[in-house]
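Residue-level structure breakdown
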Amino acid sequence: MSERIITRNPNEICKLRKAGEVSARILCEVAAYVRPGITTKEIDDYARELFAREKCGNAFFGYGGYPGQLCISVNEEVVHGIGGPKVICDGDIVSLDAGAIVNGWYGDNALTVAVGHVSEEARRLLAVTEEALYRGIAQAKQGNNLADVCGAIEDFVKPFGFGIVRDYVGHGVGRHLHEDPAVPNFRPHYRLPHLKRGMILAIEPMITLGTWRVKVLDDQWTAVTADGSWAAHFEHTVAVGAHGGEILTERPRIALPEQLGITL
């Protein structure tokens, strides 16, 4: 498996960083646009304007037939939600996943927004999921095994009793949106590769308030929790480094416990 994983040189990582910067900028602007009363189609239309402004390619639109500009997943929707007539309400949580292509290089990132007056349970879910992402990133260093990244996420999340989605995982990214290796958010029962400096990983914990099991709706895209529990999703594109992962989609954190008024 590890022989198929591409390592990138500093010049290539610089190009990936530019793609990551654009992806993060679009994601942050879309997140700031989300508010009660607008539809997910309005969010998608706004994202279209941002991609046009940036003069970059869209990593998601048309990918495998995907019809949206970005993934907009509300409450029990885990990932791959499509913009439409659904109205965002006060108290919702909205996961946004955006990817840009800049000069043939891909950036991929996601976050979950708390809309208005969100319950403490939902705020805790967001804080745990975002922190789990950073726990995984810290282990993305040369000499570690990929299992150290996956295990750091699982070890942090499990004590909270939350579900860790197993059907959707992180991945490599570079010249293509999805490259080797797969990056589970749990320790799998199969061998994982050792990490080398310059490997590029999209690390993306998807965590739920209930079951880890998901099902796909009739649109053949939107994945929801099997029990209707709410889900959060955070993601960064990361370069494996000597002492930890370098985030290529750098943006401010939005779910720090102290900002949400909760204690983990």
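Note that the structure is predicted; figures quoted are calculated from it, not measured.

1. Description of the sheet that holds strand S11 (residues 214–216)
The strands that make up a sheet pair up through hydrogen bonds in the backbone, lying either parallel or antiparallel. Here three strands make up an open sheet; going across it, the order is S3-S12-S11 and the pairing antiparallel. Strand pairing shows two members of the sheet lacking a second neighbour, strand S3 (77–79) and S11, which therefore form its edges. Sheet twist, expressed as the mean angle between neighbouring strand axes with direction ignored, is 40°. As judged from the two bridges shared by S3 and strand S12 (residues 223–225), these two strands associate in the antiparallel manner. Looking across to S12, one finds that Glu77 is bridged to Val224.

2. Topic: the side chain of Glu130
Its location among the elements puts Glu130 in helix H3 (residues 120–138). Classification of Glu130 by relative accessible area gives buried; the value is 2%. Here Glu130 is in contact with Phe234, Arg253, Ile254, Ala255 and Leu256, once residues within four sequence places are set aside.

3. Some words on the packing of H3 against helix H4 (residues 146–157)
Two elements in contact, H3 and H4, have axes separated by 8 Å at closest approach and are oriented at 150°. Considering the angle they form, H3 stands roughly antiparallel to H4. Note on packing geometry: the crossing formed by H3 with H4 is right-handed. Contacts between H3 and H4 involve Val128, Glu131, Ala132, Arg135 and Gly136 on the former and, on the latter, Val149, Ala152, Ile153, Phe156 and Val157. Here the contact of H3 with H4 is built from residues that sort into seven nonpolar, one polar and two charged.

4. Remarks on unusual backbone geometry
Cis geometry is adopted by the peptide bond preceding Pro181, which originates at Asp180 and carries an omega value of 5°. Despite not being glycine, Asn75 shows a phi value in the positive range, around 60°. Inspection of the secondary structure puts Asn75 in the loop between strand S2 (71–74) and S3. Positioned with a positive phi, His80 is a non-glycine residue whose angle comes to about 70°.

5. With respect to the layout of surface pockets
If you add up the space inside the largest pocket, you get close to 260 Å³. Forming the boundary of the largest pocket are 16 residues, of which Phe60, His80, Asp97, Leu177 and His178 lie nearest the centre. Among the residues making up the lining of the largest pocket, the classes are represented as ten nonpolar, three polar and three charged.

6. Comments concerning the nonpolar core
The biggest cluster of nonpolar side chains holds 77 residues, and the ones touching the most others in it are Leu96, Val157 and Ile203. The element best represented in this core is H3, accounting for nine residues. Those residues in contact with Val157, other than ones at most four positions away along the chain, are Val128, Ala132, Phe162, Ile164 and Ile207. Counting eight residues, the second-largest nonpolar core is a separate cluster that includes Val165, Tyr168, Val214 and Ala223.

7. Considering the packing of aromatic side chains
Scanning the entire structure with this criterion turns up four aromatic pairs. A centroid spacing of 6.1 Å and a plane angle of 20° characterise the contact between Phe160 and Phe162, whose relative ring orientation is stacked. On the basis of relative accessible area, Phe162 is assigned to the buried category, the value being 13%. Seen from the ring of Tyr33, Arg35 lies directly overhead, with NZ or CZ sitting 4.8 Å from the centre. Taking the ring centre of Phe186 as reference, the NZ or CZ of Arg166 above it sits at 3.9 Å.

Here is what the cut-offs are and how they apply
- Residues numbered from 1 in each chain as written.
- Predicted model: local features only at pLDDT ≥ 70, side-chain atom pairs only at ≥ 80, totals over all residues.
- Heavy atoms only, no water.
- Pairing = 2+ DSSP bridges.
- Helix = DSSP H or I, 4+ residues; strand = E, 2+ residues; numbered from the N terminus.
- Axes fitted to C-alpha atoms, helices over the stretch in contact; angles between N-to-C directions.
- Buried < 20%, exposed > 50% of the residue type's maximum accessible area, 1.4 Å probe, protein only.
- Contact = heavy atoms within 4.5 Å.
- Parallel < 35°, antiparallel > 145°, perpendicular 65-115°, else oblique.
- Left-handed = near helix turned anticlockwise from the far one by under 90°.
- Nonpolar A, V, L, I, M, F, W, Y, C, P; charged D, E, K, R; others polar.
- 1 Å grid on protein atoms, 1.4 Å probe; cavity = no way out; pocket = protein on both sides within 12 Å on 5 of 7 lines; lining within 4 Å.
- Points joined across faces, edges and corners; volume = space filled by probe spheres on them.
- Core = buried A, V, L, I, M, F, W, Y, C linked by side-chain atoms within 4.5 Å.
- Phe/Tyr/Trp six-rings, centres within 6.5 Å; stacked < 30°, edge-to-face > 60°.
- Lys NZ or Arg CZ within 6 Å of the ring centre and 35° of its normal.

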